[in-house]
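Spelled out, the chains give:
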Amino acid sequence: MPPTIRRAVIPAAGLGSRLLPLTKATPKEMLPVGDKPVVEHTVRELVASGITDITIVVSGGKSLIQDHFRPNPALVEQLRADGKTAYADAVEEVAELARQGHITYLDQHGPYGNGTPVLNAARNLGDEPMLVLWPDDVFVAEVPRAQQLIRAYEATHCPVLALMPMDPRDSRRYGVPVVKEDLGDGLLRIIGLVEKPEPADAPSTYAAIGGYVITPGIIEELREQTRRWHEHRDGEVYLTDAINAYAAGRAVYGQVISGRWYDTGNPADYLVAQMAFALAHPEYGPVLRHLARELGDGEHPASGTDTTPA
């Protein structure tokens, strides 16, 4: 039987250029969504799905990620001494999360492109499959997205892409899969991806989003891409290209993910994610709804006024 998926990689070496200047000094992975940085949402999803070996691939200026997950006994001791037990417990819980996921960090090396961090993290992969989740995607789902992808892999023993239904008018924003067969329960056999097609040229009404089960065959395709890059020093190494090359002769599947997806990689979508998580919070949600009612009535609450809902 193929091995159980226990490893995952989070590529976190990007510049976050679409969110500048917000990300000039703060890594985009550390921007808050609700009361947690976005990368913590991804780590929590992986740990909840049984992943016990997480590699975060970073670049210069990303030390805040390590600092966030690193144990801080001195801070915990000070908080407990001050009687702030809940805060101390929260700090310890994040460090315990990192221990459960056995988080390690790897500096990115190689040509530009989102395939490079995957290849960096796969050096000791052997015959194991591996999950890849982007750190600027947040899913809210009854069954974690990572677990849905693992189940699809266990049913197929092949690479799997996370998919979602798409309005054809949005096709220019996504990689769109070429679907060969619908196997039911959201599982699709796919034979390729078309990157950001025009709506009239989109081969399906699904979009590939931030989640993959990668197998050693995909890694071999990434190695071949990287070899060619070193020969010609042209272009970038993309995971999509490796999947397309692999799918030309071997089986690849897509799993339509059940749940709500929030992209935090650009300002508008980041604000939507922030608002959605705040509205769902038992403490902050009522405050925001009260504020929305006031603003809808044309009122402008003064600084320092009571915004507690009636």
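The rules behind these values
- Residues numbered from 1 in each chain as written.
- Predicted model: local features only at pLDDT ≥ 70, side-chain atom pairs only at ≥ 80, totals over all residues.
- Heavy atoms only, no water.
- Helix = DSSP H or I, 4+ residues; strand = E, 2+ residues; numbered from the N terminus.
- Rg over C-alpha atoms; globule rule 2.2 N^0.38 Å.
- Buried < 20%, exposed > 50% of the residue type's maximum accessible area, 1.4 Å probe, protein only.
- Arc of directions from axis to C-beta.
- Contact = heavy atoms within 4.5 Å.
- Salt bridge = Lys/Arg side-chain N within 4 Å of Asp/Glu carboxyl O.
- Phe/Tyr/Trp six-rings, centres within 6.5 Å; stacked < 30°, edge-to-face > 60°.
- Core = buried A, V, L, I, M, F, W, Y, C linked by side-chain atoms within 4.5 Å.
- 1 Å grid on protein atoms, 1.4 Å probe; cavity = no way out; pocket = protein on both sides within 12 Å on 5 of 7 lines; lining within 4 Å.
- Points joined across faces, edges and corners; volume = space filled by probe spheres on them.
- Nonpolar A, V, L, I, M, F, W, Y, C, P; charged D, E, K, R; others polar.

S.K.: Would you take a moment to explain the overall build of the protein chain for this structure?
M.R.: Each helix and strand counted, the protein chain has 10 helices and 13 strands in total. For 310 residues, the compact-globule estimate of 2.2 N^0.38 gives 19 Å, and the protein chain sits close to it at 21 Å. Over its C-alpha atoms, taken along the principal directions, the protein chain stretches across nearly 65 × 50 × 40 Å. The burial tally for the protein chain puts 47% of its 310 residues in the buried class.

S.K.: How should helix H8 (residues 239-247) be read in this particular structure?
M.R.: Residues spaced three or four apart along an α-helix point in a common direction, a consequence of the helix completing one turn every 3.6 residues. The set of residues buried in H8 consists of Leu239, Thr240, Ala242, Ile243, Tyr246 and Ala247. One face of H8 carries all of its buried residues, which in axial projection span an arc of 160°. Among the structural elements, helix H5 (115-121), strand S8 (160-165), strand S10 (187-195), strand S11 (206-214), helix H7 (216-232) and strand S12 (252-256) are those in contact with the buried residues of H8.

S.K.: Explain the pattern of salt bridges here, please?
M.R.: Close approach of charged atoms lets side chains of opposite charge pair. For the structure on display, the rule yields 20 salt bridges. Across the pair arginine 7 and aspartate 53 runs a salt bridge whose closest N-O atoms are separated by 4.0 Å. Here arginine 7, found in strand S1 (residues 7-12), pairs with aspartate 53, found in strand S4 (residues 53-58); they are 46 residues apart in sequence, far enough to count as distant. Classification of aspartate 53 as buried rests on a relative accessible area of 17%. Overlapping salt bridges bring together Glu224, Arg227, Arg228 and Glu231 as one network.

S.K.: Explanation requested: the packing of aromatic side chains in the structure shown.
M.R.: Using the criterion set out here, one finds 4 aromatic pairs in the structure. With centroids separated by 6.5 Å and ring planes inclined at 25°, the aromatic side chains of phenylalanine 139 and tryptophan 261 adopt a geometry described as stacked. Here the residue phenylalanine 139 occupies a position in strand S7 (residues 137-140), and tryptophan 261 occupies one in strand S13 (residues 260-263), the gap between them amounting to 122 residues. The buried category is assigned to phenylalanine 139, whose relative accessible area is 13%. Note on tryptophan 261: relative accessible area 17%, which makes it buried. Arranged with centres 6.1 Å apart and planes meeting at 55°, the rings of tyrosine 174 and tryptophan 261 form a pair that is tilted. With tyrosine 174 in the loop between S8 and strand S9 (175-182) and tryptophan 261 in strand S13, this pair connects stretches of sequence that are 87 residues apart.

S.K.: Looking at this structure, I do not really get the nonpolar core. What am I missing?
M.R.: Where a protein is soluble and globular, its nonpolar side chains tend to be buried together. Leu46, Ile54, Phe69 and Leu131 are the most contacted members of the largest nonpolar core, which totals 42 residues. Mapped onto this core, the elements with two or more residues apiece are S1, helix H1 (38-48), S4, helix H2 (63-69), helix H4 (85-101), helix H6 (145-156), S8 and S11. Ranked by residue count, the leading element in this core is H6, at 5 residues. Counting 30 residues, the second-largest nonpolar core is a separate cluster that includes Leu119, Met130, Ala208 and Ile243.

S.K.: Got a minute to help me understand unusual backbone geometry in this structure?
M.R.: Among all residues except glycine, the phi angle is most often negative; among peptide bonds, the trans geometry is most common. Here the bond from leucine 20 into proline 21 is cis, since omega is 5°, no more than 30 degrees from zero. Within the chain, aspartate 185 stands out as a residue other than glycine whose phi angle is a positive 55°. Topologically, aspartate 185 is positioned in the loop between S9 and S10. For aspartate 185, a relative accessible area of 81% gives the class exposed.

S.K.: In this structure, what is going on with the layout of surface pockets? I would like to understand it.
M.R.: In this approach the atoms are scanned with a rolling probe the size of a water molecule, which exposes any empty space left behind. Each pocket or cavity is described by its volume, and for the largest pocket that value is around 1,300 Å³. Along the walls of the largest pocket sit 37 residues, with Arg18, Lys28, Asn114, Trp134 and Asp136 positioned nearest its centre. At the level of elements, S1, S10, S11, H8 and S13 are the ones that each hand at least two residues to the lining of the largest pocket. Of the residues contributing to the lining of the largest pocket, the split by class is 16 nonpolar, 11 polar and 10 charged. By volume, the second largest pocket amounts to about 270 Å³. Taken together, 15 residues make up the lining of the second largest pocket; nearest its centre are His41, Val138, Phe139, Val140 and Phe277. Listed by contribution, the elements that provide at least two residues to the lining of the second largest pocket are H1 and S7.

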